[in-house]
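Coordinate analysis (summary)
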Amino acid sequence: MTSAALQFFGAAGTVTGSRHLLKTPSGDYLVDCGLFQGLKALRLLNWAPIPIDVSKLNAVILTHAHLDHCGYLPLLFRQGFRKTIYCSAPTRALTEIILRDSAKIQEEDAAIANKKRYTKHKPAVPLYTVQDVEKVLDLFQTVESDQWIPISSDLRFMFRKVGHILGAAFVEVEWSGRRIIFSGDIGRPFSPLLNAPSKPAAADYIVMESTYGDRLHPPVDTSDELAGIIIDTIRDKGNLLIPSFAVGRAQELMHMVNMLKRANRIPDIPVYLDSPMGSNATAIFRKYPDWHKLSAEECDSLFERVRIISEFEETLDVVETPGSKIVIAASGMLTGGRVLFYLEKYLEHKRNAILFTGYQAEGTRGRSLLQGTHEIKMHGSYYPVRARVRTLSAMSGHADQHEILDWLSEIKEPPKTVFLVHGEEAARQALRLKIESDLGWKVRSPVTLETFGLD
């Protein structure tokens, strides 16, 4: 039997840039194709080509639509990739929104940098444009979950729902009698929007995320926490700014706020969703009811008393609008985009609150705020931090250590190797030790560009 190999081009010691290459004698397949975020040394990697001839890739298999898993696709096309990108139907719809959103934000950020002249580049240019996005969208092919899809004479794959966000799936690949699992991002068993993740039953090799491999989510009622933060902010006559990804977390937040209003647990203050494509992302929930828990009425209510901000000029108007309000704005880690204009206005006043509801990668402004920094640099200037910084850690879309182990619980025969990816070093080493001690399985922690043969 001829051997295959795995090579890791990203998310090896970091939570971003997921790109995993499966090499087989009959062809090479890239699972996920994400952007790096956070530390500058990582972000610079986005400007470098993947170190292979991408025109010879047989296919890309996409687990879900978050930018750290799909955001490099326009650049892959620019480098010569012209084959098929396989994904679920909701992932195809959301990826189009996220890539357009990403390109538009990059174009806006470059224009602002050139206008204010705080860039070292002459001129600043976006990593890719909306036009680049349009070209790669033609390569997408959607497939159903829980069905084997043959893509070569000796390789087939299947998507299985994994929670996390709408359309997210883990991938089971069968090649020459071997089964390789790519987890993507594993969702949580109890989500207000999504069903519990499916679990793999057998695997020879597992490539698995480790974002929260070193911790457990606190057993608290997230609705109670959110209600308390909103009421405290209103009492202080402040604004609540929630940095959020436009897909998944934003819809969950809007649903929770609406439920709190309906139950008269919080006042009916204005709510804004500021994302160029945020309303489109919410509409997709209506289209794919088999991928979530919400009824048609609940999907419609996501827009209830929420103003969607699409144009940049509207953002500037909302920033200056007096009175307490809730603003949900991209990006979720404060790496760029519209949210920075709210942050510039709200950060200096202690009556305001900044609320984080998801993971903040090393090197991001979000991580700096959570670590108690006294000032933040934005658009070439420094701003003092006086606003309260809060977090809803239990709202995470990623499984914690216990939930990851539970996801593995139906695998009775030990796999040959578990490869831990998509986690900072402390998190994945803690998870490695836990799997080795509790399950007795062999675990590896790959580094970028490392290759492992598959027996």
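Residues numbered from 1 in each chain as written. Predicted model: local features only at pLDDT ≥ 70, side-chain atom pairs only at ≥ 80, totals over all residues. Heavy atoms only, no water.

Strand pairing in a sheet takes place through backbone hydrogen bonds and is either antiparallel or parallel in direction. Spatial ordering of the open sheet is given by β14-β13-β15-β12-β16-β19, a layout of six strands whose pairing is parallel. Of all strands in the sheet, those bounded by a partner on one side alone are β14 (306-309) and β19 (388-391). Mean inter-strand twist for the sheet, computed between neighbouring axes without regard to direction, equals 20°. Across four bridges, the pairing between strand β13 (residues 271-274) and strand β15 (residues 326-329) is parallel. Bridging from a neighbouring strand, Asp274 pairs with Ala329 of β15. Running over the sheet, helix α11 (residues 339-346) touches β12 (240-243), β13, β15 and β16 (353-356) and is turned about 145° from β12. (Pairing = 2+ DSSP bridges. Helix = DSSP H or I, 4+ residues; strand = E, 2+ residues; numbered from the N terminus. Axes fitted to C-alpha atoms, helices over the stretch in contact; angles between N-to-C directions. Contact = heavy atoms within 4.5 Å.)

Here we take up the nonpolar core. Within soluble globular proteins, side chains that are nonpolar tend to cluster in buried spots. Counting 90 residues, the largest nonpolar core has Leu73, Leu76 and Met208 as the members making the most contacts within it. Counting 28 residues, the second-largest nonpolar core is a separate cluster that includes Leu22, Ile61, Phe159 and Phe182. (Core = buried A, V, L, I, M, F, W, Y, C linked by side-chain atoms within 4.5 Å. Buried < 20%, exposed > 50% of the residue type's maximum accessible area, 1.4 Å probe, protein only.)

What follows covers the pattern of salt bridges. Taken as a whole and assessed by the stated rule, the structure comprises 28 salt bridges. With its nearest N and O atoms 3.2 Å apart, the salt bridge here joins Arg388 to Asp236. Separated by 152 residues along the polypeptide, Arg388 in strand β19 and Asp236 in the loop between α6 (222-235) and β12 bring together distant segments of the chain. Accessibility expressed as a relative area gives 25% for Arg388, which makes it partly exposed. Shared partners join several salt bridges into a network, and the residues in it are Asp146, Arg156, Arg160, Glu172, Glu174 and Arg179. (Salt bridge = Lys/Arg side-chain N within 4 Å of Asp/Glu carboxyl O.)

Okay, unusual backbone geometry next. Ser331 follows Ala330 through a cis peptide bond whose omega is 10°. Looking at the secondary structure, you find Ser331 in the loop between β15 and α11. Here the phi dihedral of Ser176 falls at roughly 50°; this positive angle occurs in a residue that is not glycine. In this fold, Ser176 is placed in the loop between β9 (169-175) and β10 (178-182). The phi dihedral of Lys237 falls on the positive side, at around 60°, and the residue is not glycine. Checked against the element boundaries, Lys237 lands in the loop between α6 and β12.

On to the sheet that holds β9. Strand order across the open sheet formed by seven strands is β7-β8-β9-β10-β11-β20-β21, with mixed pairing between neighbours. The open sheet terminates on both sides in strands that have one partner only, identified here as β7 (149-152) and β21 (443-444). Here β7 runs beside strand β8 (residues 155-161); their pairing, made up of three bridges, is antiparallel. Considered in β8, the bridge of Ile149 is made with Phe157. Most of the contacts of helix α14 (residues 425-438) go to strand β20 (residues 417-421), to which it runs at about 160°, and overall it touches β11 (205-209), β20 and β21.

Checked against the element boundaries, Asp68 lands in helix α2 (residues 67-70). Here Asp68 falls in the buried class, since its relative accessible area comes to 10%. Between the C-alpha atom of Asp68 and that of Ala427, which follows or precedes it by 359 residues, the distance is 18 Å. Setting aside chain neighbours within four positions, we find Asp68 in contact with Val15, Thr16, Gly17, Ser18, Gly34, Leu35, Gln37 and His422.

Of the two faces of strand β17 (residues 375-378), only one is covered, namely that formed by Ile376 and Met378; the face formed by Glu375 and Lys377 stays uncovered. Inspection of the sheet shows β17 paired to strand β18 (residues 381-384) by four bridges, in the antiparallel sense. Counted as the bridge partner of Lys377 is Tyr382 from β18. Hairpin connection, β17 to β18: the antiparallel pair is bridged by two residues, and His379 has positive phi, about 50°.

A grouping of Leu44, Trp47 and Val125 is seen on the molecular surface, where their side chains present a nonpolar patch of about 340 Å² in accessible area. Positionally, Leu44 belongs in the loop between α1 (40-43) and β4 (59-61). (Patch = residues over 30% accessible without salt bridge, like charges linked within 9 Å, V, L, I, M, F, W, Y side chains within 5 Å. Areas by Shrake-Rupley, 256 points an atom, 1.4 Å probe, with all protein chains shown as cover.)

Each turn of an α-helix holds 3.6 residues, which means side chains three or four residues apart point in the same direction. Taking 1.5 Å per residue, 14 residues should reach 20 Å; α14 reaches 20 Å between its end C-alpha atoms and fits that length. Listed in full, the buried residues belonging to α14 are Ala427, Arg428, Leu431 and Ile435. The arc that holds every buried residue of α14, seen down its axis, measures 85°, which confines them to one face. For α14, the exposed residues set more than 90 degrees away from the buried face come down to Ala426 and Ser437. Taken together, the buried residues of α14 touch β11, α13 (401-407), β20 and β21. (Expected span 1.5 Å × (residues − 1). Arc of directions from axis to C-beta.)

Contact pair helix α10 (residues 312-320) / α11: the axes reach a minimum separation of 10 Å and the direction vectors enclose 20°. When the interaxial angle is binned, α10 and α11 end up roughly parallel. In terms of crossing hand, the pair formed by α10 and α11 is right-handed. When α10 is examined against α11, the residues Phe312, Thr315, Leu316, Val318, Val319 and Glu320 are found in contact with a partner set consisting of Phe341, Tyr342, Lys345 and Tyr346. (Parallel < 35°, antiparallel > 145°, perpendicular 65-115°, else oblique. Left-handed = near helix turned anticlockwise from the far one by under 90°.)

Now for the packing of α6 against helix α7 (residues 249-262). The relative placement of two packed helices is expressed as an angle between their axes plus a distance between the axes. It is at 10 Å that the axes of α6 and α7 come closest, and there the two elements cross at 75°. Judged by the inter-axis angle, α6 sits roughly perpendicular to α7. Contacts between α6 and α7 involve Thr222, Ser223, Leu226, Ala227 and Ile230 from the first element and Met256, Val257 and Leu260 from the second. Here the contact of α6 with α7 is composed, by residue class, of six nonpolar, two polar and no charged. (Nonpolar A, V, L, I, M, F, W, Y, C, P; charged D, E, K, R; others polar.)

Next up on the list: helix α4 (residues 89-116). Helix length check: α4 (28 residues) gives 41 Å between terminal C-alpha atoms against 40 Å at 1.5 Å per residue, within 8%. Just downstream of α4 lies Arg117, where phi reads positive at about 60°.

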